[in-house]
Amino acid sequence: MAWFDYFRQGKQGSAKLAKERLQIVIAHERIDRNGPEYLPQLRRDIMSVIRKYVPITEEQVNVQFEKGTDYDVLELNIALPEREH
Amino acid sequence: MSRIVVVTSGKGGVGKTTTSAAFATGLALRGYKTAVIDFDVGLRNLDLIMGCERRVVYDFVNVINGEASLKQALIRDKRTENLHVLPASQTRDKDALTKEGVGKVINDLREDHFDFVVCDSPAGIERGAHMAMYFADDAIVVTNPEVSSVRDSDRILGLLQSKTQKAEQGDSVREHLLITRYSPSRVEAGEMLGMEDILEILAVPLIGVIPESQSVLQASNSGSPVILDKASDAGQAYDDFVRRFLGETVPHRFLDVEKKGFFKRLFG
C-alpha cells in the first residue's frame, strides 16, 4: 500500500534507539576487553560490597579504564540512590 | 609476496561466504593469482556459492593431515582464470584445524606465488574463526545494519587486535569494514542504522556498502559469485569494493534512495 506509506513518512524510527543501545553496550564490553583481566570480577565484588549497605543496580556502577603512558587509571563512578528524608 | 585476507563477522548469515566468493573472484578477474579457503569445517558452503560442489574430491583437512597434496585439493575455477578454491571438510570435527597445519598450507600457497589468499571464516568465535584470522594481514569485517551484527563485529575487532599472529608480534591486522544488506530507504525512514552510525560505533575504515539485493539470492541459487552479475547493484558494489581494496579511489554508490515521482510514491 504505497499511498499509506506516503502519509507515514517522517515518523520517528527505531534506528536512533538501536544506536544508543549499541553505544552503551559496546563501551562496556570494550572496557572489559581492554582493561586487566580481573576487571569484570572486580566490578562484581565492588557491587556486592556496596549492596551490603545500599541497594544499587548494575547500571548505577560505571567503570572506566584508561591506559596512560606512565600509569593506567581505573575510575569507578557509583550513583547512589536518592536519600530518603 | 602473498597477502592473506580474512573475511569475518562473528555473527552468522551476514554475507561472509557471499563476500569471500565475490572478493576472490574480483581479485582473480584483475589478474591476481587467488586462492579462497573455506574454514567452516563441518558446514561447508563456499563450494556451493562458487558453483564447484560437484568437483570436490579432497579438502582442507585432507591437506593438513597429509592425505592429499595442496595441488590435488585446490579446485581450479571454471569461469575465472587465476582463481582456486580450497573446500572445507564436511565430515571432520573442527579440531582438525591446527595452527601448525593451517600455517603450513598458507606457507605452501605463498611458495606457489599466490598473490592473495582469502580466508572465509565460519561464524562464531571458536577454533575455525580463530584459525581463519590468525595468519591474516588484512581483515574484511562484514556487518549488517542490525544491532546484534554490529555488536559481534566489535567483538571480532577485539580478537583481531589480540589473537592474531600480527598482534602477537606487536604489529596489527589492517581492518576494513564492509556493510552488507544495506537498505537506503529504510535508513531514510529511520528504521535502519545508517552507514555513518555504524562507522561512528565501530570506528573502522569503510571499504564498501553492498545494497540489499535480489541478485545475491539469484547468484547463490545458480552457484555464480554475484560480482559476475555486472548488471546488478550488488555486483557493481562488490566490484567497487575490490577496486578500493586494491588501492583505487572509488566513490561510494547505492547509499541514497532513488528519487520517485509523486505518483510513483503514491501508487508504485
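Going by the structure above, here's the rest.
Calculation notes
- Residues numbered from 1 in each chain as written.
- Chains lettered and ligands numbered in written order.
- Predicted model: local features only at pLDDT ≥ 70, side-chain atom pairs only at ≥ 80, totals over all residues.
- Heavy atoms only, no water.
- Helix = DSSP H or I, 4+ residues; strand = E, 2+ residues; numbered from the N terminus.
- Buried < 20%, exposed > 50% of the residue type's maximum accessible area, 1.4 Å probe, protein only.
- Contact = heavy atoms within 4.5 Å.
- Salt bridge = Lys/Arg side-chain N within 4 Å of Asp/Glu carboxyl O.
- 1 Å grid on protein atoms, 1.4 Å probe; cavity = no way out; pocket = protein on both sides within 12 Å on 5 of 7 lines; lining within 4 Å.
- Points joined across faces, edges and corners; volume = space filled by probe spheres on them.
- Nonpolar A, V, L, I, M, F, W, Y, C, P; charged D, E, K, R; others polar.
- Axes fitted to C-alpha atoms, helices over the stretch in contact; angles between N-to-C directions.
- Parallel < 35°, antiparallel > 145°, perpendicular 65-115°, else oblique.
- Left-handed = near helix turned anticlockwise from the far one by under 90°.
- Phe/Tyr/Trp six-rings, centres within 6.5 Å; stacked < 30°, edge-to-face > 60°.
- Lys NZ or Arg CZ within 6 Å of the ring centre and 35° of its normal.
- Expected span 1.5 Å × (residues − 1).
- Core = buried A, V, L, I, M, F, W, Y, C linked by side-chain atoms within 4.5 Å.
- Pairing = 2+ DSSP bridges.

Student: Mind laying out the overall build of chain A, listing which residues take part and the relevant values?
Tutor: The secondary structure content of chain A amounts to three helices and two strands. The secondary structure elements of chain A, listed N-terminal to C-terminal, are α-α-α-β-β. Scored against the burial criterion, the 85 residues of chain A give a buried share of 21%. Look at the contacts in chain A between residues 6 or more apart in sequence, and 35% of them connect residues 24 or more apart.

Student: Tell me about the pattern of salt bridges, residues and numbers included.
Tutor: Residue and element names in this part refer to chain B. Tallied over the full model, the rule gives 18 salt bridges over all chains. Across the salt bridge formed by lysine 104 and aspartate 108, the nearest N and O atoms sit 3.1 Å from each other. Here lysine 104 and its partner aspartate 108 are both found in helix α5 (residues 99-111), four residues apart, which amounts to about one turn of the helix. What makes lysine 104 exposed here is its relative accessible area of 53%. Residue aspartate 108 is classed as partly exposed on the basis of its relative accessible area of 23%.

Student: Tell me about the layout of surface pockets, and please be specific about residues and values.
Tutor: Residues and elements named next belong to chain B. Roughly 490 Å³ of volume is contained in the second largest pocket. Considering the residues around the second largest pocket, the lining is formed by 26 residues, among which Gly13, Val14, Gly15, Lys16 and Thr18 are closest to the centre. At the level of secondary structure, the elements contributing two or more residues to the lining of the second largest pocket comprise α1 (16-29), α2 (46-50), β7 (174-182), β8 (206-211) and α11 (214-222). For the lining of the second largest pocket, the element with the most residues is α1, which contributes three residues. Split by residue class, the lining of the second largest pocket holds 10 nonpolar, 10 polar and six charged.

Student: Break down the packing of helix α2 (residues 15-34) of chain A against helix α7 (residues 147-160) of chain B for me, with residues and values.
Tutor: Running from N to C, α2 of chain A and α7 of chain B point in directions that differ by 20°, and their axes come no closer than 10 Å. Taken together, the axis directions place α2 of chain A and α7 of chain B in an arrangement best described as roughly parallel. The crossing of α2 of chain A and α7 of chain B is right-handed. Contacts from Ala18, Leu22, Val25, Ile26, Glu29, Arg30 and Arg33 of chain A of α2 of chain A reach α7 of chain B at Val147, Val150, Arg151, Asp154, Arg155 and Gly158 of chain B. Tallied by class, residues from the contact of α2 of chain A with α7 of chain B come to six nonpolar, one polar and six charged.

Student: Please provide a residue-by-residue account of the packing of aromatic side chains, values included.
Tutor: All names here are of chain B. A complete count under the given rule lists seven aromatic pairs over all chains for this structure. With 5.0 Å between their ring centres and 75° between their planes, phenylalanine 39 and phenylalanine 60 make a pair best called edge-to-face. One end of the pair, phenylalanine 39, is in the loop between β2 (34-38) and α2; the other, phenylalanine 60, is in helix α3 (residues 60-64), with 21 residues separating them in the sequence. Centre to centre, the rings of tyrosine 134 and phenylalanine 135 are 4.9 Å apart; their planes meet at 85°, and the pair counts as edge-to-face. For phenylalanine 135, a relative accessible area of 11% corresponds to the buried category. Each member of the aromatic cluster is reached from another via a ring pair, and the members are Phe23, Tyr32, Phe116, Tyr238, Phe241 and Phe245. Across the ring face of phenylalanine 114, the terminal group of lysine 33 is positioned such that the distance to the ring centre comes to 4.5 Å. Over the aromatic face of tyrosine 134 sits the side chain of lysine 99, whose NZ or CZ is 4.2 Å from the ring centroid.

Student: If you had to explain α5 of chain B to someone new, which residues and values would you point to?
Tutor: All names here are of chain B. Between its first and last C-alpha atoms α5 spans 18 Å; for 13 residues at 1.5 Å apiece the expected length is 18 Å, and the two agree. Residues of α5 that are buried: Gly101, Val102, Gly103, Val105, Ile106 and Leu109. Phi for histidine 113, located one or two positions after α5, is positive at around 60°.

Student: I'd like to hear about the nonpolar core, residue by residue, with values.
Tutor: Residues and elements named next belong to chain B. Judged by nonpolar contacts, the single largest core of 51 residues is most densely connected at Phe39, Phe60, Leu86, Val102, Leu109 and Leu160. In terms of residue count, α7 provides more of this core than any other element does, five residues in total. Contacts of leucine 160, omitting those with residues within four sequence positions, involve Val6, Met133, Ala139, Val141, Ala167, Val173 and Glu175. Among the nonpolar cores identified, the runner-up in size contains 34 residues, and Ala21, Ala22, Phe116 and Phe245 belong to it.

Student: Go over the pairing of strand β6 (residues 138-143) of chain B with me, naming the residues and quoting the values.
Tutor: Residues and elements named next belong to chain B. In terms of residue burial, β6 counts as a mostly covered element, since six of its six residues are buried. Side chains of β6 alternate between two faces, with Asp138, Ile140 and Val142 and Ala139, Val141 and Thr143 buried alike. Where strand β1 (residues 3-8) lies against β6, four bridges are found, and the strand directions are parallel. For threonine 8, the partnering residue across the bridge sits in β6 and is valine 141. The pairing of β6 with β7 spans six bridges and is classified as parallel. If you follow threonine 143 over to β7, its bridge partner there is isoleucine 179.

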